[in-house]
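Structural overview for review
Residues per chain, in single letters:
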Amino acid sequence: MSLDKTYDPSGIEGKWYKHWESSGAFRCGQRKGAEPYTIVIPLPNVTGSLHIGHALNNTIQDALIRFERLRGKDALWQVGLDHAGIATQMVVERQLDEEGVKRRDLGREKFVERVWRWKDQSGGLIFNQLRRLGASCDWSRERFTMDQGFVKAVRKKFVDLYNEGLIYKDKRLVNWDPKLLTAISDLEVEQREIDGFYWHLKYPLKDNPKKFIVVATTRPETMLGDAAVAVHPKDPRYKKLVGKMVAHPLTGREIPIIADQWADPEQGSGAVKITPAHDFNDFNVGKRHDLPMINILDQHGVINQNAPKAYQGLDRFEARKKVVADLEALGLVDKIEPKKIMAPFGDRSNVLIEPWLTDQWYVDAKTLAQPAIKAVEDGRTKIVPKTWEKTYFEWMRNIQPWCISRQLWWGHRIPAWYAEDGTCFVAETEKEAQALAGKGVRLTRDEDVLDTWFSSAMWPFATLGWPGETADLKRYYPGSVLVTGFDILFFWVARMMMDGLHIMKEVPFHTVYLHGLVRDEKGAKMSKAKGNVINPLEFIDKYGADALRFTLAVMETQGRDIKLSESRVQGYRNFATKLWNAARFCEMNGAVDAAGFDPAGAKNTVNQWIIGETKRCAEKVTKSLEAYRFNEATGAIYRFTWGTFCDWYLELSKPVLMGDDQAAKAETQKTAAWVLDNILTLLHPFMPFITEELWQAFGVKRKADLILSAWPDAAAMPSYEAAGADINWLIDVVTGIRSSRAEVNVPAGARVPAYVTGANQGTAARLKAYRPLIERLARVEGLKVGGHSGEKAIQILVGEATFILPLEGVIDIAAEQARLEKAIATALREIKALEGRLKNKGFTAKAPEAVVLETKERLDAELAAKEKLEAALTRLS
């Protein structure tokens, strides 16, 4: 086939994806005896659509899967969807609202049927979008966290943990959403800065009502549930008050003054009110001091019967106004201080979340965390970048009981049944629960469902058939690597570690790779409110999936977020075009089939050089991918493809390809085709579509599609170090002359005389061998050894030799020197201004992080530009 003149990604991407999927290229289990390699996909929500974070995450996973598939492994990329309890229930409830129907009007059974109907019709949109990206998941093994296999697995896990004493029911504080009427996880809580107040309130001492202890609070309505006032044990101001009582001004209760480390002597008055039923820190203080837990709110955030009658039935915010007004009337408001405060909001309901005391199901996470801590300590699971290990240990060592019950209808219903006297029976089925309870005992099932993370924590082994002892489980567990964002290290990764070690007695994966966030080009976090959200599908439509994938991979640096701009994606679309044009050049010059080529037999120095460079590139890409350094892998293949192959090798080969030496020509055609094959293979993990298209276009008859071919064996390639030294010297000479000409504005078409001084015997031999190439590529003429003083010329040092280009009559040397001096002065002024800004503590403390970072980058750029200008001036002097 003949390649089209222009590269059009829209014309090839859909074609090749359909071919790969229909031919079974993504399926595992087809390489008997091959080493297994497993990645489990971070489950997208059934309600989800592809965002730029998904694009990064799945680009990395796909690069790894394609890399290991090319290395001959039995690669499984396990795909599936999460049922996403709250998110999915809200979608369907919104639909019902539009129809004027309430969930409770339908009843639980019919509502759940409606959700399943929505899932079958509209869920999983993201899978088709992942196909657009090029994700080579094994779609034949697609799972859903509420399919029948998962239902069985979840029930067994719950029952087993309950019987082991690791699941229990308790009354504790939870994040309560008063709009959705359910407990929610920390991940579903957004901390937002709002305008608030510190109310400084006076609490009268019981034995001397004219004396007060002042406390500060941002939520005065919760004082109706106060159980104590706390001061720091070493705070001398309050030492004599510890143990005394205060008379609560609104409830009439007498509450103690206690000593506890939680009170901060430097914050406010140093005294804090303790409301154990409405604050997570206060709850812990209350446990330590055996304080009463007084819950003053109902599920809707309305003051309940545990508060004085004057406040009962008031919404929490109305109650706040009345509490403050009543205290002001009593003269007990010391001061009101306006303050920016961080407040918890539900990420879906957008209402203020309440810490609320309620009966819920919990997992003993502390016990389960111990083996998971040890597994990372002893290296059975490695976290990359390693810096995240500290965060993992800190969280795991301070882990709290995990609330796993949710007051929803969509999800895995808790397998617990209650007798009329409240006795609980936990079993996998109602029949088994009835057997535990005995005949004639009337049972009612628990209304709650399980937290979504409870089922998704089982993803690495439940997808492989657990609780059955399947062949898949034996072969593909544990996984090789998990690729995910750092933001769910605790919510998902840590829980998979706990489940895998407790249930499977083995870590769920050997490596966890944590990537950063994708931000906008200025470093700001993306949000709809800011209007800076990047839609990856728009970029795919405009530039192709390969360009987007390569951009994300080349910018993915361990431990850093990505600042993404459209211009970068456009730039790598140009890279794809560069590759396409290089392939067309090869095609037009007969370099299309590498069959039978033995790189060890190359005779031509330029061919030997490119073979050695291919070896070094293959080594670098391989080692970088093995180390999860995606920016280094893509950087290496980019520089090799664009610079080494396209700009240098093809240019250096033109005289041979267009010459009369048929043997040299044939060798060069085979070499070019062989190098191009290696480029396509090394690029394939990042740019699968264009590489498959070119692979199929070249070669007389391919043994396999590129996706299933073999990774380059760098160890088997000759290094050709002598040829490498020669040609790399040639490139240094040409590059040095070209850049020096450009720096002093020598016209591009001008052919300038050139002289060389200080050349040793080896350099003299090289000059003789490569003079025609240097003269053609550097646009110089009459290259001679010696014979020039260096005056009114630019001088370029390459090794021990100096190349001299006389410029009198070519440019106005004095004017050029003046221009360079002026540019250096301008750069110095800008450097001074930027350094001053960065030394200003007011700027670095108050300016957004992205602005400070941008200023540092501008300073680095100005310093580099000044250095370059000074070098040019020196060469011209």
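Structure's up top.
It should be emphasised that the depicted structure is a prediction, and the values quoted were computed from it without experimental measurement. (Residues numbered from 1 in each chain as written. Predicted model: local features only at pLDDT ≥ 70, side-chain atom pairs only at ≥ 80, totals over all residues. Heavy atoms only, no water.)

A tally of regular secondary structure across the protein chain gives 28 helices and 29 strands. Its C-alpha atoms give the protein chain principal-axis dimensions of about 105 × 65 × 55 Å. Looking at the protein chain residue by residue over its 877 residues, the buried ones come to 55%. In the protein chain, the share of contacts with a sequence separation of at least 24, taken over all contacts with a separation of at least 6, comes to 77%. Roughly 39,100 Å² of accessible area belongs to the protein chain as shown, and the carbon and sulfur atoms make up 50% of that amount. The averaged location of the 115 negative side-chain charges in the protein chain is 1 Å from the averaged location of its 121 positive side-chain charges. (Helix = DSSP H or I, 4+ residues; strand = E, 2+ residues; numbered from the N terminus. Buried < 20%, exposed > 50% of the residue type's maximum accessible area, 1.4 Å probe, protein only. Contact = heavy atoms within 4.5 Å. Areas by Shrake-Rupley, 256 points an atom, 1.4 Å probe, with all protein chains shown as cover. Lys, Arg positive; Asp, Glu negative; His and termini not counted. Charge placed at Lys NZ, Arg CZ, Asp CG, Glu CD.)

Before going further, it helps to examine the sheet that holds strand E7 (residues 189-204). Strand pairing in a sheet is mediated by backbone hydrogen bonds. Such pairs are either parallel or antiparallel. Spatially, E8-E7-E13 is the arrangement adopted by the three strands of the open sheet, whose pairing is antiparallel. Edge strands, defined here as strands with exactly one partner in the open sheet, are strand E8 (212-217) and strand E13 (333-346). With direction set aside, neighbouring strand axes in the sheet form an average angle of 20°. Bridging between E7 and E8 involves six bridges; their strand directions are antiparallel. Bridge pairing in E8 links Leu201 to Val215. (Pairing = 2+ DSSP bridges. Axes fitted to C-alpha atoms, helices over the stretch in contact; angles between N-to-C directions.)

For helix H25 (residues 761-778), with 18 residues, the first-to-last C-alpha span of 22 Å runs short of the 26 Å given by 1.5 Å per residue. The largest bend in H25 amounts to roughly 70° and is located at Tyr770, with the proline Pro772 lying one to four residues further along. For H25, every residue scored as buried is listed here: Thr763, Leu767, Tyr770, Leu773, Ile774, Leu777 and Ala778. On its buried face, H25 is in contact with helix H20 (605-626), helix H21 (630-657), helix H24 (721-743), strand E26 (752-757), strand E27 (780-785) and strand E29 (801-806). Of the residues flanking the start of H25, the one acting as N-cap is Asn760, its side-chain oxygen 3.1 Å from the backbone nitrogen of Gly762. Phi turns positive, to about 55°, at Arg779, one or two residues after H25. (Expected span 1.5 Å × (residues − 1). Bend = angle between axes of the 7 residues up to and from the residue. Polar contact = N/O pair within 3.5 Å; in protein donor to acceptor, adjacent residues only side chain to side chain.)

Before going further, it helps to spend a moment on the packing of aromatic side chains. Taken as a whole and assessed by the stated rule, the structure comprises 38 aromatic pairs. Their ring planes at 55° and their centres at 6.3 Å tell us that Trp20 and Phe26 sit as a pair that is tilted. Seen from their ring centres, Trp402 and Phe454 are 6.2 Å apart, and the 45° between their planes marks the pair as tilted. One end of the pair, Trp402, is in strand E16 (residues 402-403); the other, Phe454, is in helix H13 (residues 452-456), and 52 residues separate them in sequence. (Phe/Tyr/Trp six-rings, centres within 6.5 Å; stacked < 30°, edge-to-face > 60°.)

Quick look at the state of the cysteines now. Under the criterion given, the structure shown has zero disulfides. Cysteine Cys137 shares no disulfide, and the gap to the nearest cysteine sulfur, in Cys28, comes to 12 Å. Given the relative accessible area of 0%, Cys137 is considered buried. No disulfide involves Cys403; its nearest neighbouring cysteine sulfur is the one of Cys424, lying 15 Å away. (Disulfide = S-S within 2.5 Å.)

On to the side chain of His200. Mapping His200 onto the fold places it in strand E7. Engagement of the side chain of His200 in a polar contact is seen with the side chain of Glu337, the distance being 3.0 Å. Among all residues touching His200, those that are not within four sequence positions of it are Val214, Val215, Ala216, Leu332, Val333, Asp334, Lys335 and Glu337.

This part is about the sheet that holds E26. Spatial ordering of the open sheet is given by E27-E26-E29-E28, a layout of four strands whose pairing is mixed. The sheet is open, and its two borders are formed by E27 and strand E28 (793-798), each paired with just one other strand. Direction aside, the axes of adjacent strands within the sheet are offset by 20° on average. When E26 meets E29, the two strands line up antiparallel, connected through three bridges. Opposite Thr757, over in E29, you have Thr802 as the bridge partner. Strands E26, E27 and E29 of the sheet are contacted by H25, whose axis makes an angle of about 165° with E27.

Let us now look at the nonpolar core. In this structure, Tyr392, Leu564, Trp609, Phe645 and Phe803 are the most contacted members of the largest nonpolar core, which totals 222 residues. Not counting residues up to four positions away in its chain, the partners in contact with Phe645 are Ala582, Cys586, Ile610, Phe640, Leu650, Ala672, Val675, Leu676 and Ile679. Ile213, Leu224, Ala271 and Val324 belong to the second-largest nonpolar core, a separate cluster that totals 35 residues. (Core = buried A, V, L, I, M, F, W, Y, C linked by side-chain atoms within 4.5 Å.)

Everything listed here is a matter of geometry and, on its own, says nothing about what the molecule does.
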